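Summary of the model geometry
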Amino acid sequence: MTLDGKIPSGPLHEKWNKRKQEMKLVSPANKRKFRIIVVGTGLAGASAAATLGELGYNVDAFCFQDTPRRGHSIAAQGGINAAKNYPNDGDSIERLFMDTIKGGDFRAREANVYRLASVSGSIIDQAVAQGVPFARDYAGYLDNRSFGGAQVSRTFYARGQTGQQLLLGAYGSLMRQVKAGSVRLHPRTEMLDLVTVNGEAKGITVRDLVSGEVSSYAADAVCLATGGYANVFNLSTNATGSNVTAAYRAYKKGALFANPCFTQIHPTCIPVTGDHQSKLTLMSESLRNDGRVWVPKTKDDNRAPGAIPEAERDYFLERKYPAFGNLAPRDIASRAAKEVCDEGRGVGPGGRGVYLDFADAIGRLGEDTIRERYGNLFDMYEQITAENAYRRPMRIYPAPHYTMGGLWVDYNLESTIPGLFVLGEANFSDHGANRLGASALMQGLADGYFIVSYTIANYLARTTPGAVTADHAEFLKSREDVACMTSKLLAIDGKRTVNDFHRELGRLMWENVGMARSETSLKSALSLIPRLRAEFWENVKVTGTGTELNQQLEKAGRVADFLEFGELMAADALHRNESCGGHFRVEHEMPDGEAKRDDENFCYVAAWEYKGADKAPELHKEPLTFESIKLAVRNYK
Amino acid sequence: MNLTLYVWRQKGPNDAGKLVRYEAKDITPDMSFLEMLDTVNEDLIKKGDDPIAFDHDCREGICGMCAQVVNGIPQGPQKKTTICQLHMRHFRNGDTIYIEPLRARAFPVIRDLVVDRGSLDKIIQSGGYISAHTGGVPDGNTILIPKDDADKAMDAAECIGCGACVAACPNGSAMLFTAAKVTQLAALPQGRTEAARRVCAMTEEMLSQGFGNCGNHYECQAACPKGIKVQFIAKLNREFIKAKLK
C-alpha cells in the first residue's frame, strides 16, 4: 500500500484554494439524498454535524453521553489560537504555521498545518457570531493571552472555560439543525463497529446504552470525531468515558492508525493522591503566564514552600529556557518536571510534584487581577486539594492529556477506507509529535466547520446515494460480531473487575510507554500487555446482562480495546528509534537533555495496518517533505 | 472513614425503586464523592451484585453529566460544587448519606441514579442559539461588546446543564436553565435579532416538556453548582413581557 496524502501541488498558501477549486460539489437539490453519520459530538463532531446538516445533508449524530453538550472538548480551559494579530505583536498565518510545525517537532504535514493556520481566524468570527462570550477589553474588543510555544498573544479565551463556551456554541448550532429536521440525534448510543461494503465505509453498528439493543445505521459516508486515547494510561485528564473504541474498531476494519506513540503529557495537572484516583485534573497552561515553576534546590527539602528562601529555590524552567521561561512547550516542561522529581527534589506527598507559584504575580498585579484571570481554576484547585493557591503555591505534576496520533487521513481528512472521514483529536494530522496549547480547539473546529464540509462532497459526488441499506449482509455480520463480543464478556464471570484491569494497564503504560521510554521499557510493555490481555479474557467479571443499562459492560468493551491498542502504541514507540516532541526515547537525547530527532531515518508518518488478531501490524510510511520550512533543532532557550 | 449509605436502586423506569443500605469502608478524605461510589461498586461487583448506575464523565465539574441528590440536596451539600468535585473530607467517619436521583416530572429515572434529561435539549432546540450560518460571518471585532455585557453573558453562559436547578425547585421548573441561555444571548448585540422569538419559544417549550413555572423559591440558585443567579429569571421575565408587548 502506498500512502497518498493527496496534498495539492503549488505554493503552500495556494494549496487549499486550489483543492477547493478542484473538488467536486454536490448540488443543493442532491444533498438531501445523501445520509452522513457523525460519531462523537465534541467540537469536531458537533461542528461537522451542524455544518453538514445546514448544507442540506441528512445527518445522524451519535454520542455515548446523555446529551451532545457533554463531549470532552467542554473541559478545555485556556483558550483557542487564531492568527488574527489583533494585538499588533507580529502574528500572521505564517507565524502560527511555523510555531505549530516547530512545536510539533517537525513531524506534521506542512500543507495541513498551513491550512489550519489560515482558517483559524474564521473560527473566531464564527464563534463570535454564535454568541460565544469571549473575553473583551473595556473598549469592547476581543482580548488575547499568551500560551506555551509562542512569542505572540494569539489565544482567545472565555474565562477558564473556553472549551465549554465553544462547545456550547457548536451544540447550539447542532440543536438548531435538529429542530430543522436535518440532524437526527442518538444520545446514549455507542458505536461498536464500522461497516464497510466493497471496501468503503457505509455505516456503523451501535449499542443503545439504555436498552442494550444492538442495531446498525447505513449511510453514504461516516465521520469519526471520537477524540483521543489518553485513557490507555487509565489516569489522564480525559473524561472517564473517553475511549479508543470507535477509532480502534475502524482500524480493525482497515483504516490505518498513524503515530500512536505520539502522546502528550501535560505539565500542569494536580498530582495523584492514591489508588482510588479515577482521573487527573488539569490546571490550564494559561496559569504559566503568571505562575513560576520551582522546586527546592536541595533534595528532600521538607520545609513549607513559604519557608524556603528565594536563594534556595530552583526556577528550573526559567533557568533552562530563559527565552520562553515558564511558557516552554508542554513536552519540554513535563520532562523538566520529571527530571527534578527523579533527582529527589519533588514536593508534596510521594515527591511527585513541583510548585507553580503566583506570589510574584499577586505582588505585581494584585490578588483581584489574578482572581479575575484564573479564579475558577484556583477554586477548582482548592476543591480538590483543600489548599488555597493565593496563599501557597499550587502543586502540579505532568499527566497524560492529549494524543497527537490517530487514524491516518489524507489532506481531505479521508482515511484509508474511502468514505470514512476522521476529524479532530481522532485523526493524526496537524500536531506532529507535540501539540501546542490552545490548538486542539482550533483544529477540532477547523475540521468540522471549514474542511470536511468541502471534502466530503468530493467523495459523495462520486457515489450513488442510498446504495446500501442496513439489511446488507455486511451489516448483519457486523451486528453478530458485536453481539458475540458482548456475550463473551458477560460469560467470563472471573474474579477481577474491569477497573482493576484498567488500573494495571494504566500503570504498565505509564511506567513503560510514558514520559521517558527506552528499548528495555518498551520491550517489557510488549511482553506484559499480551499477558494482561489474556488474563482479562479469562478473569474479568462483568455483572448484569447485555439487554439493560450496564455501565460495566460498556467499560469492559473499551478496556478490551485499550488492551490491544496499548500494544500497538508500544510497538510504534519501539520502532521510532528517535526522540521527537512528546515521544522521548532515553537513548536519544541532546547533551542538554532535549529530544534528539533523527530526520534521516524517521522523518515520516508511521501508519499501521491491522493484519488480524495476534498478528503483528504492518508498517507503512508516508514521508514528510518540508518545502517551506527548514528542518531545525527545536530551541526554546 | 466508614460510612453508611442509603442509595436509590431502581431497575428501570417502570420499577418502583427503593433505598438500599450499603456500608462504604475505608474511604479516604482525598476521594471525590464519585470515587467513593466507585469503591462501593467494586465491592458489589466482586460479590456478583449489580453496581450502582450513575452518570459521570469529565469528573472535573464542567460536563454536567453527574448530578445526584445527596442528603436531599441536588449536587450535594457543598455550595457551588458538582458531585464529582465534592470531596469526602467534607464528611465524617460514621456519617449516614442518602443518595437519590434528580427527581422531576421532566426527568424520568432510567436506572438507579441515572435520569433522562433530554427535555433540556428540547428547550435549547426550540431557540437557545443564534441562527448564524457556518461561514460568511463578519470579523469578530466588528461587533464591539462592552466588557460588562460580555461578562454578564459569560456569567449566564457558565450553566453546565446538569438539571440540579430543576430537581431543587418545588415546581420542577427549568426556569433558571432557560433564563441563563436567554440572558446570555440577550446580553449580546448579535443575539438581539432573535431575542423576542427566542424567549417566547423557549418558555413555551419548557412548559410543554413538563417543567413547572417559577414560584420564586430560589432553591435553584442555592443548588446551582455554577452560581447561576435568579436575577436571570427576572431578565427572562422582562424579555418575555417585552416580546409579548411588541
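Model, not experiment: these values are computed from the prediction.

What follows deals with the domain arrangement of chain A. All names here are of chain A. The domains assigned to chain A are domain 1 (266–400) and domain 2 (473–612). On a C-alpha basis, the centres of domain 1 and domain 2 stand 30 Å from each other. Between domain 1 and domain 2, the residue contacts involve six residues of the former and six residues of the latter. Counting residues per element, the side of domain 1 that touches domain 2 draws most heavily on helix α9 (residues 330–342), which supplies five residues. Of the residues in the side of domain 1 that touches domain 2, the class split is one nonpolar, one polar and four charged.

Residue and element names in this part refer to chain B. Taking strand neighbours across the sheet as the criterion, the five strands line up as β2-β1-β5-β3-β4 in an open arrangement whose pairing is mixed. One side of each edge strand has no neighbouring strand; the edge strands of this open sheet are β2 (18–24) and β4 (73–74). In this structure, strand β1 (residues 3–9) lies alongside strand β5 (residues 96–100), joined through four bridges in parallel fashion. Its bridge partner lying in β5, Y6 is registered against Y98.

Generally speaking, nonpolar side chains in soluble globular proteins are found buried as a group. Grouped together as the largest cluster of nonpolar side chains are 285 residues, with contacts concentrated most on A:I36, A:C223, A:L224, A:L407, B:V166 and B:L176. Among the elements that make up this core, the one with the highest residue count is helix α12 (residues 440–460) of chain A (13 residues).

Let us look at the pairing of β5(B). Where strand β3 (residues 69–70) of chain B and β5(B) come together, two bridges link them in antiparallel fashion. Each residue of the ladder has a partner; that of B:V70, found in β5(B), is B:I99.

It is worth spelling out the packing of helix α14 (residues 498–512) of chain A against helix α16 (residues 551–575) of chain A at this point. All names here are of chain A. Interaxial distance between α14 and α16 falls to 10 Å at its minimum, and their mutual angle equals 25 degrees. Considering the angle they form, α14 stands roughly parallel to α16. As α14 runs across α16, the sense of the crossing is left-handed. Across the interface between the two elements, V498, F501, H502, L505 and M509 from α14 touch Q552, K555, A556, V559, F562, L563 and G566 from α16.

Before going further, it helps to spend a moment on the domain arrangement of chain B. All names here are of chain B. Here chain B is described as being made up of domain 1 (3–111) and domain 2 (117–131 + 141–245). Measuring from the centre of the C-alpha atoms in domain 1 to the corresponding centre in domain 2 gives 28 Å. Opposite the 18 residues of domain 1 that make contact, domain 2 presents 18 residues.

Facing the 67 residues of chain B at the interface are 61 residues of chain A. Looking at the side of chain B that touches chain A, the elements with two or more residues in it are α1 (33–46), β6 (109–111), α2 (118–125), α3 (147–157), α5 (175–186) and α6 (189–192) of chain B. The leading source of residues in the side of chain B that touches chain A is α1(B), at seven residues. Each residue belonging to the side of chain B that touches chain A can be placed in one class, and the counts come to 27 nonpolar, 22 polar and 18 charged.

Scoring rules and cut-offs
What you see as residue numbers is a count from 1 along each chain, following the sequence as written. Whichever chain is written first becomes A and whichever ligand is written first becomes 1, with later ones labelled in order. Residues qualify for local features only when their pLDDT is at least 70, as the model is predicted, and side-chain atom pairs are given and counted only at 80 or more; totals for whole chains, interfaces and linings, by contrast, use all residues. Where each domain begins and ends follows an automated or database-derived domain assignment. By definition, residue pairs are in contact when their C-beta atoms, positioned from the backbone, come within 7 Å. Think of it this way: any DSSP run of H or I at least four residues long counts as a helix, any run of E at least two long counts as a strand, and we number them from the N terminus. Ten residue types, Ala, Val, Leu, Ile, Met, Phe, Trp, Tyr, Cys and Pro, are classed as nonpolar, four, Asp, Glu, Lys and Arg, as charged, and the remainder, Gly among them, as polar. At least two bridges found by DSSP between two strands are what make those strands a pair. Buried Ala, Val, Leu, Ile, Met, Phe, Trp, Tyr and Cys residues whose C-beta atoms connect them within 7 Å together make up a nonpolar core. Whether a residue is buried, exposed or partly exposed is read from the other C-beta atoms within 10 Å of its own C-beta, which are placed from the backbone; 20 or more gives buried, 12 or fewer gives exposed, and intermediate counts give partly exposed. Between the N-to-C directions of two axes lies an angle of 0 to 180 degrees, each axis being a line fitted to C-alpha atoms and, for a helix, fitted only over the stretch in contact. When describing relative orientation, an angle under 35 degrees is termed roughly parallel and one over 145 degrees roughly antiparallel, while 65 to 115 degrees is termed roughly perpendicular and anything else oblique. Each crossing is labelled by how the near helix is turned from the far one, with a counterclockwise turn of less than a right angle marking it left-handed and a clockwise turn marking it right-handed.

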